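Chains, contacts and geometry: an overview
One-letter residues, chain by chain:
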Amino acid sequence: MAGIKTEEKIQEGSIYGQIVSMGHEQLVFCYDEPTGLKAIIAIHNTVLGPSLGGTRMWNYASEEEAITDVLRLSRGMTFKAAISGLNIGGGKAVLIGDPKLKTEAYLRRLGRFIDSLGGRYITAEDVNMKTRDMEYIAMETSYVTGLPEIKGGGGDPSPVTAYGTYMGIKAAARKAYGSDTLSGKKILVQGIGQVGKHLVEYLKKEDAVIAISDIDQKKLSEVVSWSKAEIVAANQVYDYPMDIYSPCALGAVLHDESIPRLKCDVIAGAANNQLKDEERHGQMLLDYGILYAPDFLINAGGLINVYAEYQGGYKKELAYQQAENIYATCLEVLHTAYRENETPQQTALKMALERISSITKVKLSY
Ligand code: NAD
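Because the structure is predicted, anything quoted here is derived from the model rather than measured. Along each chain, residues carry numbers from 1 onward, in the same order as the chain's sequence is written. Whole-chain, interface and lining totals are the exception, using all residues; otherwise, since this is a predicted model, local features are given only for residues with pLDDT of at least 70 and side-chain atom pairs are given and counted only at 80 or more. The basis for the side-chain values is all heavy atoms of the structure; hydrogens and waters are excluded.

**Quick word on empty space enclosed by the protein**
Selection rule: Cavities and pockets are found on a 1 Å grid laid over the protein atoms alone: a cavity is a set of points where a 1.4 Å probe fits but cannot escape, a pocket is an open set with protein on both sides within 12 Å along at least five of seven lines, and a lining residue has an atom within 4 Å of such a point. Grid points are joined across faces, edges and corners, and a volume is the space filled by probe spheres set on the points. Put simply, DSSP marks the helices as runs of H or I at least four residues long and the strands as runs of E at least two long, and each gets a number from the N terminus on. Here the term charged refers only to Asp, Glu, Lys and Arg, the term nonpolar to Ala, Val, Leu, Ile, Met, Phe, Trp, Tyr, Cys and Pro, and the term polar to all other amino acids, Gly among them.
A full pass over the atoms with the stated rule returns 1 cavity of 30 Å³ or more. Of the volumes computed, that of the largest cavity is approximately 30 Å³. Taken together, Gly282, Leu285, Leu286, Ile290, Tyr292, Tyr338, Thr343, Pro344 and Gln345 form the lining of the largest cavity. Every element with two or more residues in the lining of the largest cavity is listed here: α9 (278-287) and α14 (344-364). Looking at which element gives the most residues to the lining of the largest cavity, the answer is α9, with 3 residues. Here the residues of the lining of the largest cavity are counted per class, giving 6 nonpolar, 3 polar and no charged.

**So, α9**
Let me state the cut-off plainly: Partly exposed residues are those whose accessible area sits between 20% and 50% of the maximum for their type, while under 20% is buried and over 50% is exposed, using a 1.4 Å probe and protein chains only. In this context, the arc is that of the directions from the helix axis out to the C-beta atoms. Residues count as neighbours in contact if any of their non-hydrogen atoms are within 4.5 Å of one another. Whenever a nitrogen or oxygen atom comes within 3.5 Å of another N or O atom, the pair is scored as a polar contact, on the condition that within protein one atom can donate a hydrogen and the other can accept it, and that pairs from neighbouring residues in sequence are kept only if both atoms are in side chains.
Buried within α9 we find His281, Gly282, Met284 and Leu285. The arc that holds the buried residues of α9, viewed along the axis, is 160°, so those residues lie on one side. Buried residues in α9 make contact with β11 (266-267) and β12 (291-292). Between a side-chain oxygen at the N-terminus of α9 and the backbone nitrogen of glutamate 279 the separation is 3.1 Å; the capping residue is aspartate 277.

**Considering the pattern of salt bridges**
Where we set the bar: Here, a salt bridge means any side-chain nitrogen of Lys or Arg that lies within 4 Å of a carboxyl oxygen of Asp or Glu.
Throughout the structure, instances matching the rule amount to 21 salt bridges. Across the pair glutamate 25 and arginine 120 runs a salt bridge, and its minimum N-O distance is 3.0 Å. Taken as a pair, glutamate 25 in the loop between α2 (15-22) and β1 (26-32) and arginine 120 in the loop between α4 (104-116) and β6 (121-122) lie far apart in primary sequence, 95 residues in all. Lysine 316 is the partner of glutamate 149 in a salt bridge, and the nearest nitrogen-oxygen pair spans 3.2 Å. Of this pair, glutamate 149 sits in the loop between α5 (131-138) and α6 (158-177) while lysine 316 sits in helix α12 (residues 316-324), and the two are 167 residues apart along the sequence. For glutamate 149, a relative accessible area of 48% puts it in the partly exposed group. One network of salt bridges, with partners in common, ties together Arg56, Asp69, Arg72, Lys92 and Asp126.

**Here we look at the state of the cysteines**
Cut-off, in case you're wondering: Disulfides are defined in this document as cysteine sulfur pairs within 2.5 Å.
Inspection of every chain in the model, using the stated rule, returns 0 disulfides. Not engaged in a disulfide, the cysteine cysteine 264 finds its nearest cysteine sulfur in cysteine 248; these two sulfurs lie 13 Å apart.

**A look at the sheet that holds strand β7 (residues 186-190)**
Going by this rule: Any two strands between which DSSP finds at least two bridges are classified as paired.
Taking strand neighbours across the sheet as the criterion, the 6 strands line up as β9-β8-β7-β10-β11-β12 in an open arrangement whose pairing is parallel. Unpaired on one side and paired on the other, β9 (230-231) and β12 mark the two borders of the sheet. Across 5 bridges, the pairing between β7 and strand β8 (residues 209-213) is parallel. The residue of β8 that forms the bridge with leucine 188 is alanine 211.

Right, here's the structure in full:
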């Protein structure tokens, strides 16, 4: 009997088509009627170790939107872990629904689904998930991290993410200006949430000239009260003259319309997937003479923190020490990119892929 040619059966744009084109290993659909749980878990790559990535709860407009999100985010986790030197792979979970619907039973049911994967996927917090939610998940599985400090966990990873981002900003400044001092540099932080507000604290200590933007007036007033930062309206960010733009709110902020308007030398922030199109907009920034520090590299502090916790014997100082390495890696990426005439995003991805490929060979050899 003739063998089945699988590749001929996969249609572009279908779910299998997306999995194949993005290189995923597994996509798991979970449903529980009594609690209303609708979860999708994506495992992108487990060459370096079990996949790790947060659970995001969102009122997705459609199942397709949720699938695209979980596939894209889990792939990003693979590269983030690889370039950060961590022995974990990329995974992510999304929960479809209104975050207000979360109950203990709902989260414990999710925990049981995660447990059924036998450790191939480890979860943590992401958008609309808190350390308390991780505690419920932990009642059903040990494949969870990001537990509260009081319970021996690493707590909220955002401060470590902010510290790593700060290291990335300093490395980018060194490449752009020849010095990593941020004193006197005008830096706009877009989004002063969990990460952004901690980042403002670091920038203030260095006497940077800080501007902030957010859609939440309460947060703006709170941060202005101690930082004395200038407030920039959300719709003025792309036209605001600044040295460094630090996107810490949303993804896809760098696109055809925003890039030509930007008046900055450097972009370095914590938001995931800042480039709307990695290739096109990475190249556009290079052409406009704007230095871009790859987001998945400089926002890895949170992952470093939850991984440190998962390994056991969590020590906060060690997590911060490891996040400090982002400075050296970022500088290496930027030097290599400009030497090789490629975008920093391309260089960082190449470095991550090289690590995965070399460890694949190690694992296949005797
Ligand atoms: P958060 O939800 O606490 O903060 C986001 C902030 O952005 C909020 O204050 C929100 O009001 C603001 N915002 C939303 N839309 C805006 C707009 N149009 N203009 C200006 N501000 C706007 O989230 P966070 O945990 O601080 O994460 C920020 C970003 O960093 C996200 O993209 C997240 O995926 C990424 N990230 C976070 C971590 C982490 O450890 N928390 C780790 C890696 C990456």
